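# Chain and residue survey
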Amino acid sequence: MSLSFEGRVVLVTGAGGGLGREYALAFAARGASVVVNDLGADTKGGGKSSAAADKVVEEIRAKGGKAVANYDSVEDGEKLIQTALDTFGRIDIVVNNAGILRDRSFARTSDLDWDLIQRIHLRGSFLVTRAAWNHMKNQKFGRIIMTASAAGIYGNFGQANYSAAKLGMLGLANTLAIEGRKYNIYCNTIAPVAGSRLTETVMPPDLVASLKPEYVAPLVLWLCHEQCQENGGLFEAGAGWIGKLRWERSQGRTVRQKNNPMTPEAVRDQWDRICDFTNATKPANVQESLQSVVSVLSQVESESDAGAIPTAAAASVAPGAGINPTEAVGQKLPSTSFNFTQTQCILYALGVGMSTKDPDHLKFLYEGHPDFSCLPTFGVIPSQSSMMGGGLSSVPGLNIDFTQVLHGEQYLELYKPLPTSGTLTSESAIADVLDKGSGAVILLDVNTYSGGELVCYNQFSVFVVGAGGFGGRRSSEKAKAPLPPPKRAPDAVVIDSTTRDQAALYRLSGDWNPLHIDPSFAALGGFKSPILHGLCSFGFAGRHVLKQFANNDPSRFKAIKVRFAKPVIPGQSLQTEMWKEGNRIHMQCKVKETGAVVLAGAYVDLHETAEASPQSPLQGGDLQSELVFAEIGRRIEDLGSELVKKVNAVFGWEITKDGKKAAHWTIDLKNGSGSLHKGPYSGKVDVTFTVSDQDFMDVVMGKLMPQKAFFAGKLKVKGNVMLSQKLEVILKDYAKL
Ligand code: NAI
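What you see is a predicted model, and the numbers here were worked out from it, not measured in a lab.

So, about the overall build of the protein. Within the protein, the regular secondary structure consists of 22 helices and 25 strands. Taking 27 Å as the expected radius of gyration for a compact globule of 737 residues, we find that the protein reaches 37 Å, considerably beyond that expectation. Overall, the C-alpha framework of the protein stretches about 110 × 65 × 55 Å when taken along its three principal axes. Buried residues in the protein amount to 50% of all 737 residues. Residue pairs in contact within the protein that sit at least 24 positions apart in sequence constitute 70% of those at least 6 positions apart. When the accessible surface of the protein is split by element, carbon and sulfur atoms take 54% of a total near 34,200 Å². Across the protein, the mean location of the 77 positive side-chain charges is 3 Å away from that of the 74 negative side-chain charges.

Further remarks concern helix α13 (residues 342-351). Restricting attention to buried positions, one finds in α13 the residues C345, I346, Y348, A349 and G351. Positive backbone phi, approximately 90 degrees, marks G353, located one or two places after α13.

Turning to unusual backbone geometry, a few remarks are in order. Positive phi outside glycine occurs at A239, with the angle close to 60 degrees. When you line up the elements, A239 lands in the loop between β7 (234-238) and β8 (241-245). In the Ramachandran plot, D658 falls in the positive-phi region, its phi being about 50 degrees despite a non-glycine side chain. With respect to the helices and strands, D658 occurs in the loop between β21 (649-657) and β22 (660-669).

Here we take up the site of the ligand. The ligand sits among 30 residues. The nearest are L19, D38, N97, Y162 and S196. Take V74: an N or O atom from its main chain is 3.1 Å from a nitrogen atom of the ligand. With respect to the ligand, the side chain of S196 contributes an N or O atom lying 2.4 Å from an oxygen atom. Taken by itself the ligand offers 810 Å² of open surface, and the protein chains cover 96% of this. Going through the elements one at a time, α1 (18-29), α4 (111-139), α6 (160-180) and β6 (185-193) are the ones with two or more residues in the shell around the ligand.

Turning next to the sheet that holds strand β17 (residues 557-564). The 10 strands are arranged β10-β13-β14-β15-β12-β17-β20-β19-β18-β16 in an open sheet whose pairing can be described as antiparallel. The open sheet has two free edges, formed respectively by β10 (332-340) and β16 (492-497), since each of these has just one partner strand. Across the sheet, the mean angle from the axis of one strand to that of its neighbour is 20 degrees, orientation sign disregarded. Pairing between β17 and strand β20 (residues 597-606): six bridges, direction antiparallel. Opposite F564, over in β20, you have L599 as the bridge partner.

When pLDDT is averaged along the protein, the result is 88; 92% of the residues meet or exceed 70. When the criterion is pLDDT under 50, residues 304-321 qualifies, and its contacts beyond four places in sequence or with other chains add up to 37 contacts. When the criterion is pLDDT under 50, residues 612-620 qualifies, and its contacts beyond four places in sequence or with other chains add up to 11 contacts.

Time to look at the packing of aromatic side chains. Here the structure, examined in full by the defined rule, presents 13 aromatic pairs. Ring plane angle 70 degrees and centroid distance 6.1 Å describe the contact between F629 and W653, whose orientation is recorded as edge-to-face. With F629 in helix α19 (residues 625-647) and W653 in strand β21, this pair connects stretches of sequence that are 24 residues apart. Both residues of the pair, F629 and W653, belong to the buried class. By the ring-pair criterion, three or more aromatic residues cluster together here, those being F629, F651, W653, W665, F689 and F696. In this structure, R8 packs its charged tip against the face of F141, placed 3.7 Å from the ring centre.

Another aspect to go through is the packing of helix α3 (residues 77-88) against α4. It is at 7 Å that the axes of α3 and α4 come closest, and there the two elements cross at 45 degrees. The angle between the axes of α3 and α4 places the two elements in the oblique class. Judged by the twist between their axes, the crossing of α3 over α4 is right-handed. Residues G77, E78, L80, I81 and L85 of α3 form the contact with α4, whose participating residues are L127, V128, A131, A132 and H135. Taken together, the residues that form the contact of α3 with α4 break down as seven nonpolar, two polar and one charged.

With the rule as written, the count across this model stands at 25 salt bridges. In this structure, E226 engages R8 in a salt bridge whose closest nitrogen and oxygen atoms are separated by 2.5 Å. One end of the pair, E226, is in the loop between α8 (217-223) and β7; the other, R8, is in the segment before β1 (9-12), and 218 residues separate them in sequence. Given the relative accessible area of 43%, E226 is considered partly exposed. Here D113 and R102 are joined by a salt bridge, their closest N and O atoms 2.9 Å apart. One end of the pair, D113, is in helix α4; the other, R102, is in the loop between β4 (93-96) and α4, with 11 residues separating them in the sequence. As far as burial versus exposure is concerned, D113 and R102 are alike and both buried. One connected set of salt bridges, linked through shared partners, spans R8, R90, D92 and E226.

This part takes up the nonpolar core. If you look at the biggest cluster of nonpolar residues, it comprises 52 residues, and the most contacted ones within it are L375, F378, F538, I560, V562, M578 and M587. Setting aside anything within four residues of it in sequence, one finds L375 in contact with Y348, A349, V352, M354, F364, L418, R543 and L546. One finds F27, A67, L223 and C224 within the second-largest nonpolar core, a separate group that totals 36 residues.

Over its 12 residues, helix α2 (residues 51-62) runs 16 Å from end to end, which matches the ideal 16 Å to within 8%, given 1.5 Å per residue. Along α2, the residues classified as buried are A53, V56, V57 and I60. The buried residues of α2 occupy an angular sector of 100 degrees when the element is viewed end-on, so they sit on one face. Those residues of α2 that are exposed and angled more than 90 degrees off the buried face are K55, E58 and A62. Buried residues along α2 sit against α1, β2 (33-37) and β3 (66-70). Residue G64 follows α2 closely and has a positive phi angle near 90 degrees.

Rules behind the numbers
- Residues numbered from 1 in each chain as written.
- Predicted model: local features only at pLDDT ≥ 70, side-chain atom pairs only at ≥ 80, totals over all residues.
- Heavy atoms only, no water.
- Helix = DSSP H or I, 4+ residues; strand = E, 2+ residues; numbered from the N terminus.
- Rg over C-alpha atoms; globule rule 2.2 N^0.38 Å.
- Buried < 20%, exposed > 50% of the residue type's maximum accessible area, 1.4 Å probe, protein only.
- Contact = heavy atoms within 4.5 Å.
- Areas by Shrake-Rupley, 256 points an atom, 1.4 Å probe, with all protein chains shown as cover.
- Lys, Arg positive; Asp, Glu negative; His and termini not counted.
- Charge placed at Lys NZ, Arg CZ, Asp CG, Glu CD.
- Near = heavy atom within 4 Å.
- Polar contact = N/O pair within 3.5 Å; in protein donor to acceptor, adjacent residues only side chain to side chain.
- Pairing = 2+ DSSP bridges.
- Axes fitted to C-alpha atoms, helices over the stretch in contact; angles between N-to-C directions.
- pLDDT = per-residue confidence, 0-100.
- Phe/Tyr/Trp six-rings, centres within 6.5 Å; stacked < 30°, edge-to-face > 60°.
- Lys NZ or Arg CZ within 6 Å of the ring centre and 35° of its normal.
- Parallel < 35°, antiparallel > 145°, perpendicular 65-115°, else oblique.
- Left-handed = near helix turned anticlockwise from the far one by under 90°.
- Nonpolar A, V, L, I, M, F, W, Y, C, P; charged D, E, K, R; others polar.
- Salt bridge = Lys/Arg side-chain N within 4 Å of Asp/Glu carboxyl O.
- Core = buried A, V, L, I, M, F, W, Y, C linked by side-chain atoms within 4.5 Å.
- Expected span 1.5 Å × (residues − 1).
- Arc of directions from axis to C-beta.

Here is the structure:
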């Protein structure tokens, strides 16, 4: 049945033109008696004329409708309502539509620009509506429309005054909707788009012509009909399209802990989480809004002092859900055992793209080869079973959704070349759990042994999407950090193609996740097709370095670190870019076809070659300090991880002889398990010392106090001077040299 307004009295403000005129005509056409209000002002609110309203009234009457003109300003709200009462005896519907513009950039907005806009739009709507309110209340029927604007909802340059007034009207409507509900007075807000004299200065003429006001009017009519139960809604409408808007609120984050002061730092540290709209809620009223806020009070109170901080929304999550780092860190996983033969080594080599096409690959592919070896990156395989076996899910304090787990980073260090068969046992423990806001990072350390002897160490860095925000630390000294490559062209680039079946082959090495083979499973994860294992690309990149810089000699391979940045689709080509910095080969791996970086911040550390020894400063030279550095190098090999923990800095050394630079050394006790290299450093050096070979020896031998050397100008320090104190840790024992 068509919607009739027979018997209804409607006031449309500003109905002399544009949208208002269209509403007035449409209401009248459906039987309403219409008060056509219009001051007849210009678009800026100047002037006054009865012509605009009269013309519309004539149009309505000409079609047999009922209408009366009113020429008062909306600021005289009572008079407008009085016209309705005097002429038609009641008032049922008020459409607050009258409006003007006084656009100015904010700095140039005058008092008048501000006041006039607030007066006509916001105050005018208030006065007109208030005048009608009691009549509506008494008759237990009323429909009110507020006209807001996209400028108010989203902001718009040059419309500060207008935006403020328009969103003010939304606030007014929100409360009227609540107060009017029990009297059957419903109030809704529209943000229309239509061609009119207000928009003709900002829109091209053909758009003004085609965005007809008649494409907005039906929404207004429906919202004002007695059948319509919508109340307190906000609608955008134009060109025949109508959409509803509402507020959305992130899950948010409680940044306060029991018995602790709340700090701006805590706010900063949780910022990502506070602003993350994943699983956002849509509070529809003040009660819903307050409820979650108030629930935080009791949640914080009931927290154990060391407990994880719950999110505001955590009230609905199963009790005990979430991460408790204090409980989880240090937890050991059940040890695992890995039996393998040469078959697994060969299968792995094929899985990471080795081919008999390359004669020098044969030693990894053929067990009869005199140098048959296992690829060093195979070291991740025995250790991954502790991850795959669902071990993580049994760890107390890690109550997380294991379908949301991503492999973030990998570090592998070998203490001896891997055997080609045997039994390896792995011991795993949670090294740390970090809170990255949007997710949690679990650092899992795995030591792998062969017959009681440590063969390799892995650190899995596992990202759990959505599990962050438990109030943990963002970083950890236990994390093996990725390192950016030097800012120069790479020293070597290798391009290698993966095959369509690369993942199908690689998974036979033990990672059976269907994400890498099953298209429907991949689709569930949001991927167009199954993706390659991150550790497969890792294997590609590792062997590229091994070939390029270590002549495919696995005994030279010390460690590898990568961060998995993006997925690779089987069949794409991998481009490994490498930079040699001493014994560290920085690398970055891209998909050649797209240029996307897939392995970032990566590096391989190699052991020194025997051939390099004649030039190697570690073996001595004509500087006395070379011996000390050689010893430092050995110490780092033995105690690197411990020193990194204690010192956490990169030291540069410039050794001079006869007033000239004679050698440059970098002692890196910040990254990985520490390293020493001759030559300047690609990354950031925290402090650089310049000292002569002789003075260096005097300091080391304890003959010269470092402070004295500094004040005497014998030891120059650049960078973070405070770190010099930590030098003691490295140098004190060498005084006995
Ligand atoms: P319009 O300028 O054609 O219509 C506004 C009418 O209000 C005019 O006839 C004017 O004489 C009248 N008026 C101005 N001050 C008055 C006062 N103090 N008392 C009584 N009448 C007064 O403009 P349009 O486009 O039809 O705008 C209608 C409403 O829609 C306005 O509130 C405007 O801010 C709003 N709007 C329009 C948009 C559009 O795309 N046209 C976009 C967003 C909001």
